[in-house]
Amino acid sequence: MLFFKLLLKNRQALIGLAILSIFILSALFAPLLAPHDPKRRVGGIHQPPSAEHILGTTRLGRDIYSQVLHAGRISIAVGLAAGLITTIIAVVTGLSAGYFGGRIDDVITFCTNVILVIPQLPLLIVLAAFIGQVSPFLIAMIIGFTSWAWGSRVIRSQTMALRQKEFIHSAELMGEASWRIITVELLPNLISIIGSGFIGAVIYSIMTQATLEFIGLGDPSSVSWGTMLYHAQTSSAMWVGAWWDILVPCVAISLFGAGLALLNFAVDEIANPKLRANSAMRRWKKMQKQIARESQA
Amino acid sequence: MRFFLRRLSFYLVALIVAASINFFLPRIMPGDPLQIMFGQQMARMTPETVDALRATYGFTDEPLIQQYFQYLGSVARWDLGLSVREFPKPVSEILREGLIWTVVLVGSSTLIAFTLGSFLGLLASWFRGSWYDSIATPLSLVMQSIPSVVICLTALFIFALGLGWFPTGYGYDPQLDPGWNLEFISSVAHHAVLPVLTLVVFQMAAFMIPMRANMINLLGEDYITMGRAKGLSSSRVLFQYGARNALLPSVTTLAMALGFVVGGSFITEVVFNYPGIGYIMFQAILSRDYPLIQGHMLIFTMVMLIANLIADLLYVILDPRVRTGSGDA
C-alpha cells in the first residue's frame, strides 16, 4: 500500500486526518460526550462560556457545546451521503461517456454541460423552496443529484486519455467484456481522481447544506451546523454581543472543511507526481548546495 | 463562426431547460400550486379572484403542453410573472433594480480575485517548495473550503461591528440621495469594501490553485527550457512564455467559477444586507414569493450564459488554435 505510506508521510495529510478523526469520533460519541440535551433549555439566555456551559448558551438557553457535537452528526452525515451520491453518479456517467463514446457520450456530455451552466445555488434554492422545510435527508438527496456534473466531466476526460493506452487495447483484443475492462482495468487507475473528487464533493455538500439552512430553507427543528447558524442569526446573536453563538458553528464548519481540504491536497500531490514538488525540490536544492560546496573545495 | 453558432444554440437549450424546471416544479409538487403560493390568503378570496389569479400565473385547465409553450413564450418576452409579496409589481422590474448592484459586486470581485489569484499562483509555481509556496498553497485551499457564510459573518463581526471601520450593511448611506456626485459614490465605495473583499477571499483559491498546477506542468516543457537557454530574463520566461499559456484553462475556469461566485455573492448580500438580487431573493424566500424565486434562477442562468459566451470570446482571442478552426473546441 504505497499510497497509504505516502499519505502518512505527508504532513498536511496527517494534520487533515487528525482533524477529521477528532470530528468523526466526537460525532459518533456525541450522546456520551454531550453534557446536555441539545434541544432542551438548560441555562439562561445567551450565557457566555463558563464552567457550567463550556461554549455558552443560545438565545433559547440551549447548551452550545452539546449542540455542536450533535450537529456534527447530521452535518457530517449529510456531507458524506451527498458526496457519495455525487461521486457514484459522476463515476457512472463519466466512465460510460469516456469509455463507450459515440451516442452515449454525446447524450451524457450534453446533460453535463447543461447542468454546469445552470447556477447551482439558485437551482437548489428553487428546489428547496418548493419542497418546503427540507429535512437533512432531502438536502443530501438534492445536493447529490444536482452536483455531479463537474466530477463527471473530469472522470470522462481521464477515461478518454486512458482508453488510448496499450493495456486497454490489449484487453479489448483479448475479448474481455466491457464491464470487466471498466471495473478491473479502468477503475483502479481512476481511484485517486475519484477519491479526491469524493472529498471535494463532501466539502461542497457540507458548505451548501450550511448555506441552505442558514437562509432558512432547512428544517429548523433539526440540529446541524447550518441550523445553529440560522438560529444564531435570527436571534441577532452578533448584535447583542453573543459572539460565541455565531463563532462555534463557524469554527466547526471551517475546521472540518480545512481537514478535508488538507487531506485532498495531499491526495492530489500523491496522485500527480509533478505536483509532488516540495520534498523533491528540497532534495534538489540540498544537492545543488552540496555540488557547489564540493566544487569550491 | 460555426463554433459560435454551436455555442449559441447550446446556450439557448440550457436556458430552455432552466425555464422548464421552473415550469414543471410547481406542477409536480403535491397540492394546488396557487395554494402553495398564496397560502392563507386563498381562504379570504372570492372564487372570481382565484380564477383571475390562476389565469395570471398560468395554472389554467388548458392542456399541459399548451401551458408550457405559453410559459416559454412569456419567458422569451422577458415576462417573468408578478411578484406575490409586492403583488402587482412584475418580477422582472424588481430584479432589474437589484441587478446593477450584483453585477458590480460580482464583476469587480471576480476581476480582483482573478488577477491576484493568478499572480499568486504564478509565484507559487516559480518558487515551488519555498516557504511561500508551502504556506500560501495549503492556506488558500483551506480558505476555499470555508463556506462564504462563515467568511462573511467573520468579516462583518471583526471589521464592521468590532473595529467599526466599515458600515454593517446596505449599499450606500440611506440619508443620501442616489446620484452622480462624489459624496454618494464614495458612500457606495465605502459600503462595497467588505462585500467585495469577502468575495475576493472566497474565490481567490479557485484561480490560484489551477494556475500553480498549470504552470508547474508548463515549466517542464521544452520551450521554457529553450527560453531559458537563450538567456532570457526570468520574468520574461515566466510571463511571456509561461503565464500566457497557463492562463488559458483559467479563462474557462472563470466562467465555470461564476456559478460558485453567484452562490457566494448571494450569501454576501444576505449577510451585508446589500441591495442586489441575492438580497431580493432572500426576501422572496422569507415571504415564499415563488415567482420571484423562480425569476431569480432564470436571471442567474442568463448571467451564467452571458459569462460563458464572454469566456468563449476570450478563448478565441487567447488561443489561436480555436480561431483557425484546427482545434477541436
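Here is what the cut-offs are and how they apply
Residues numbered from 1 in each chain as written. Chains lettered and ligands numbered in written order. Predicted model: local features only at pLDDT ≥ 70, side-chain atom pairs only at ≥ 80, totals over all residues. Heavy atoms only, no water. Salt bridge = Lys/Arg side-chain N within 4 Å of Asp/Glu carboxyl O. Helix = DSSP H or I, 4+ residues; strand = E, 2+ residues; numbered from the N terminus. Buried < 20%, exposed > 50% of the residue type's maximum accessible area, 1.4 Å probe, protein only. Contact = heavy atoms within 4.5 Å. Phe/Tyr/Trp six-rings, centres within 6.5 Å; stacked < 30°, edge-to-face > 60°. Lys NZ or Arg CZ within 6 Å of the ring centre and 35° of its normal. Buried area = accessible area lost by both parts, 1.4 Å probe. Polar contact = N/O pair within 3.5 Å; in protein donor to acceptor, adjacent residues only side chain to side chain. Axes fitted to C-alpha atoms, helices over the stretch in contact; angles between N-to-C directions. Parallel < 35°, antiparallel > 145°, perpendicular 65-115°, else oblique. Left-handed = near helix turned anticlockwise from the far one by under 90°. Nonpolar A, V, L, I, M, F, W, Y, C, P; charged D, E, K, R; others polar. Domains from an automatic or database assignment.

**So, the pattern of salt bridges**
Working definition: two side chains of opposite charge can pair if their charged atoms are close together. All names here are of chain A. Enumeration according to the criterion identifies three salt bridges over all chains in this entry. For Asp-105, the salt bridge goes to Arg-156, with nearest N and O atoms at 2.7 Å. Residue Asp-105 is located in helix α5 (residues 102-117), and its partner Arg-156 is located in helix α8 (residues 149-163); the two are separated by 51 residues in the primary sequence. With a closest N to O distance of 3.0 Å, Glu-176 and Arg-180 form a salt bridge. You can call Arg-180 partly exposed: its relative accessible area is 34%.

**Digging into the environment of Ala252(A)**
Residue and element names in this part refer to chain A. For Ala-252, the position within the fold is in helix α12 (residues 243-271). Between the C-alpha atoms of Ala-252 and Trp-225, which are 27 residues apart in sequence, the distance is 7.6 Å. Those residues in contact with Ala-252, other than ones at most four positions away along the chain, are Phe-23, Val-68 and Trp-225.

**Notes on the packing of aromatic side chains**
All told, the structure shown has 16 aromatic pairs over all chains when counted by the stated rule. A ring pair is formed by Phe10(B) and Tyr11(B), whose centres lie 5.7 Å apart and whose planes are at 55 degrees; its orientation type is tilted. Here Phe10(B) falls in the buried class, since its relative accessible area comes to 10%. Note on Phe114(B) and Phe207(B): the rings are 5.3 Å apart at their centroids and 90 degrees apart in plane angle, and the pair reads as edge-to-face. Of this pair, Phe114(B) sits in helix α5 (residues 91-126) while Phe207(B) sits in helix α8 (residues 182-219), and the two are 93 residues apart along the sequence. For Phe114(B), a relative accessible area of 18% translates into the label buried. By relative accessible area, Phe207(B) is classed as buried at 1%. Through pairs of rings, three or more aromatic residues link up here, namely Phe23(B), Phe24(B), Tyr68(B), Phe69(B) and Tyr71(B). Just above the ring of Tyr99(A) sits the side chain of Arg163(A); from NZ or CZ to the centre is 4.5 Å.

**Brief notes about unusual backbone geometry**
The phi dihedral of Asn273(B) is positive, around 50 degrees, even though this residue is not glycine. Tracing the chain through its elements places Asn273(B) in the loop between α10 (234-271) and α11 (277-286).

**Considerations on the interface of chain B and chain A**
Taken together, the contacts link 56 residues of chain B with 48 residues of chain A. Taken together, both faces of the contact between chain B and chain A bury some 4700 Å²; the carbon and sulfur share is 81%. Our enumeration of links across chain B and chain A arrives at one residue pair in polar contact (both at pLDDT 80 or more). For the side of chain B that touches chain A, the secondary-structure elements that each account for two or more residues are α1 (2-28), α6 (131-144), α7 (148-162), α8, α10, α11 and α12 (290-318) of chain B.

**As for the packing of helix α2 (residues 11-28) of chain A against α12(A)**
To characterise two packed helices, one gives the angle between the axes of the helices and the distance between these axes. All names here are of chain A. Contact pair α2 / α12: the axes reach a minimum separation of 8 Å and the direction vectors enclose 140 degrees. In terms of orientation, α2 lies oblique with respect to α12. Of the two possible hands of crossing, α2 and α12 adopt the one that is left-handed. From α2, Gln-12, Ala-13, Ile-15, Gly-16, Leu-17, Ile-19, Leu-20 and Phe-23 reach across to α12, where they touch Ala-252, Leu-255, Phe-256, Gly-259, Leu-260, Leu-262, Leu-263, Phe-265, Ala-266 and Glu-269. Of the residues assigned to the contact of α2 with α12, the class counts are 14 nonpolar, three polar and one charged.

**Digging into the domain arrangement of chain B**
All names here are of chain B. Domain boundaries assigned for chain B yield domain 1 (2-76) and domain 2 (92-165 + 192-328). Taking only C-alpha atoms, the centre of domain 1 and the centre of domain 2 are 33 Å apart. Residue-level contacts link 17 residues of domain 1 with 15 residues of domain 2. Taking both sides of the interface into account, the surface hidden between domain 1 and domain 2 amounts to around 1400 Å²; carbon and sulfur atoms contribute 75%. When the buried area of domain 1 at its contact with domain 2 is split by residue, Phe-4, Tyr-11 and Asn-22 rank highest and sum to 40% of it. At the boundary of domain 1 with domain 2, the tally comes to zero salt bridges. On the surface where domain 1 and domain 2 come into contact, there are two residue pairs in polar contact (both at pLDDT 80 or more). Those elements that place two or more of their residues in the side of domain 1 that touches domain 2 are α1, α2 (33-38) and α4 (64-76).

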